[in-house]
Amino acid sequence: MRIMVTGGAGFIGSAIIRLLIRETQHDVLNLDCLTYAGNLDSLSSVANSPRYRFARIDICDQPALERAMAEFRPDIVMHLAAESHVDRSINGAGDFIRTNIVGTYTLLETVRSYWLGLDHEARKCFRLHHISTDEVFGSLGSEGSFDETTAYAPNSPYSASKASSDHLVRAWHHTYGLPVVTSNCSNNYGPYQFPEKLIPLVTLNALAGKQLPVYGKGENIRDWLYVDDHARALLLVATRGAIGETYNIGGNEERTNIDVVRSICRILDDIVPNSSHRPHDQLITFVKDRPGHDARYAINATKVERELGWKPVEDFESGLRKTLQWYLDNRSWWERIHSGIYRGERLGLTETE
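Quick look at the structure, then. As the structure is a prediction and not an experimental result, all values here were calculated from the model. (Residues numbered from 1 in each chain as written. Predicted model: local features only at pLDDT ≥ 70, side-chain atom pairs only at ≥ 80, totals over all residues. Heavy atoms only, no water.)

1. Considering the overall build of the chain
- Across its full length, the chain carries twelve helices and twelve strands.
- Here the C-alpha atoms of the chain give a radius of gyration of 20 Å, agreeing with the 20 Å that 2.2 N^0.38 yields for 353 residues.
- Its C-alpha atoms put the chain at 65 × 45 × 40 Å along the principal axes.
- Buried residues in the chain amount to 55% of all 353 residues.
- Considering only intrachain contacts with a sequence separation of at least 6, the fraction spanning at least 24 residues in the chain is 81%.
- Roughly 14900 Å² of accessible area belongs to the chain as shown, and the carbon and sulfur atoms make up 47% of that amount.
- Once the 38 positive and 45 negative side-chain charges of the chain are each reduced to a mean point, those two points are 3 Å apart. (Helix = DSSP H or I, 4+ residues; strand = E, 2+ residues; numbered from the N terminus. Rg over C-alpha atoms; globule rule 2.2 N^0.38 Å. Buried < 20%, exposed > 50% of the residue type's maximum accessible area, 1.4 Å probe, protein only. Contact = heavy atoms within 4.5 Å. Areas by Shrake-Rupley, 256 points an atom, 1.4 Å probe, with all protein chains shown as cover. Lys, Arg positive; Asp, Glu negative; His and termini not counted. Charge placed at Lys NZ, Arg CZ, Asp CG, Glu CD.)

Encoded structure:
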């Protein structure tokens, strides 16, 4: 089988490609335009595989997409290419509109044309898997969880752009018959995550003895999902999910942000016993909250568990410990990022703040 992955140099995209190359016999084409968060170093362990190839392509570039699909002839397209950081969307929504909405539209039209040109048997087997987020659902109260029937209520430019892309994918299925499946996931964490996200940002700041910024009072709650568990779920949805269906994927590991930060500090105290910054929780600093910060997310993953047999392997404690150890063991990976485009600065403040 031939699988094309858009955004394959990103955090989740690279995880699915590593899984595909290591644990399956599928051929993989990685399409990525290598924005600030795209990092081919995350694929160095599989880059020399004869079943892997890479093309630097922007998903808004329809002629380039058409050429890539005509040459590779994919059986499945897994669409992960997206701008994905809420704080950056607050500072500049334009890139999110362009990539997440216009780019998804461009991909859908390209995929539809390709699909219509397949022979009968190939057309029956083809599918597009659109990967999205739980943030499209908005904010939860103190109880309940998002399921596949939850109404959309996005509250940030990022989540609004992803909700728009979800609606486009649904419309192309219902209007044109394009065979699609969609998944919405909770907060991912794990190796190779760009250090603007909470867990790697706090980890690297703690190692350097810098302040650990926590928005507001740190009471916002997220459901945490280890990225390799997510990759396994994505493969199941892409290959076995029912056409036209949506699957929520979550770790069933709700934590407040302050509890996440304190867990990081506690584990670092344990695995870096000679650190001059111990106890690391003395570095915690509460900062002005993010505008429109959703209070709580929680995913009900019953459907993907029941229909596809998926369950996460890692709980939050085991996954977090593996993640922190990975950052300790792979200093050269994140030091190259810190020496270049991103140095851990605060993002997501409006002009009036």
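What follows picks up the thread again.
2. Focus: empty space enclosed by the protein
- Applying the stated criterion to the full structure yields one cavity of 30 Å³ or more.
- As a volume, the largest cavity reaches approximately 40 Å³.
- Lining the largest cavity are Val86, Glu135, Ser156, Arg222, Arg290, Gly292, His293, Asp294 and Tyr297.
- Tallied by class, residues from the lining of the largest cavity come to two nonpolar, three polar and four charged. (1 Å grid on protein atoms, 1.4 Å probe; cavity = no way out; pocket = protein on both sides within 12 Å on 5 of 7 lines; lining within 4 Å. Points joined across faces, edges and corners; volume = space filled by probe spheres on them. Nonpolar A, V, L, I, M, F, W, Y, C, P; charged D, E, K, R; others polar.)

3. As for the layout of surface pockets
- Each pocket or cavity is described by its volume, and for the second largest pocket that value is around 370 Å³.
- What lines the second largest pocket is a set of 18 residues, among which Glu148, Tyr152, Arg170, Gly244 and Thr246 lie closest to the centre.
- Among the elements of the structure, helix H6 (157–176) and strand E6 (180–185) are those that each provide at least two residues to the lining of the second largest pocket.
- Among the elements that make up the lining of the second largest pocket, the one with the highest residue count is H6 (six residues).
- The residue makeup of the lining of the second largest pocket, split by class, is five nonpolar, eight polar and five charged.

4. A look at the state of the cysteines
- The final tally for this structure, using the stated rule, is zero disulfides.
- Free cysteine Cys60: the closest other cysteine sulfur is in Cys33, separated by 8.3 Å. (Disulfide = S-S within 2.5 Å.)

5. Topic: the sheet that holds strand E4 (residues 76–79)
- The strand order across the open sheet formed by seven strands is E3-E2-E1-E4-E5-E6-E10, and the pairing between neighbours is parallel. The open sheet has two edge strands with one neighbour each: strand E3 (52–56) and strand E10 (246–249). When strand polarity is set aside, the average angle formed by the axes of neighbouring strands in this sheet is 20°.
- Here E4 runs beside strand E5 (residues 127–133); their pairing, made up of four bridges, is parallel. Residue Val77 lies in a different strand from E5, and its bridge partner there is Leu128.
- Packed onto the sheet, helix H8 (residues 227–240) meets E4, E5, E6 and E10 and runs at close to 145° relative to E5. (Pairing = 2+ DSSP bridges. Axes fitted to C-alpha atoms, helices over the stretch in contact; angles between N-to-C directions.)

6. Remarks on the packing of helix H1 (residues 11–23) against H8
- Running from N to C, H1 and H8 point in directions that differ by 65°, and their axes come no closer than 9 Å. Here H1 is positioned roughly perpendicular relative to H8, judged by the angle of their axes. In this structure, the crossing between H1 and H8 has a hand that is right-handed. Here Phe11, Ile12, Ala15, Ile16, Arg18, Leu19 and Leu20 of H1 lie close against H8, whose contacting residues are Val227, Asp228, His230, Ala231, Arg232, Leu234 and Leu235.
- For the contact of H1 with H8, the residue count by class is ten nonpolar, one polar and three charged. (Parallel < 35°, antiparallel > 145°, perpendicular 65-115°, else oblique. Left-handed = near helix turned anticlockwise from the far one by under 90°.)

Shape descriptors only; they carry no functional weight alone.
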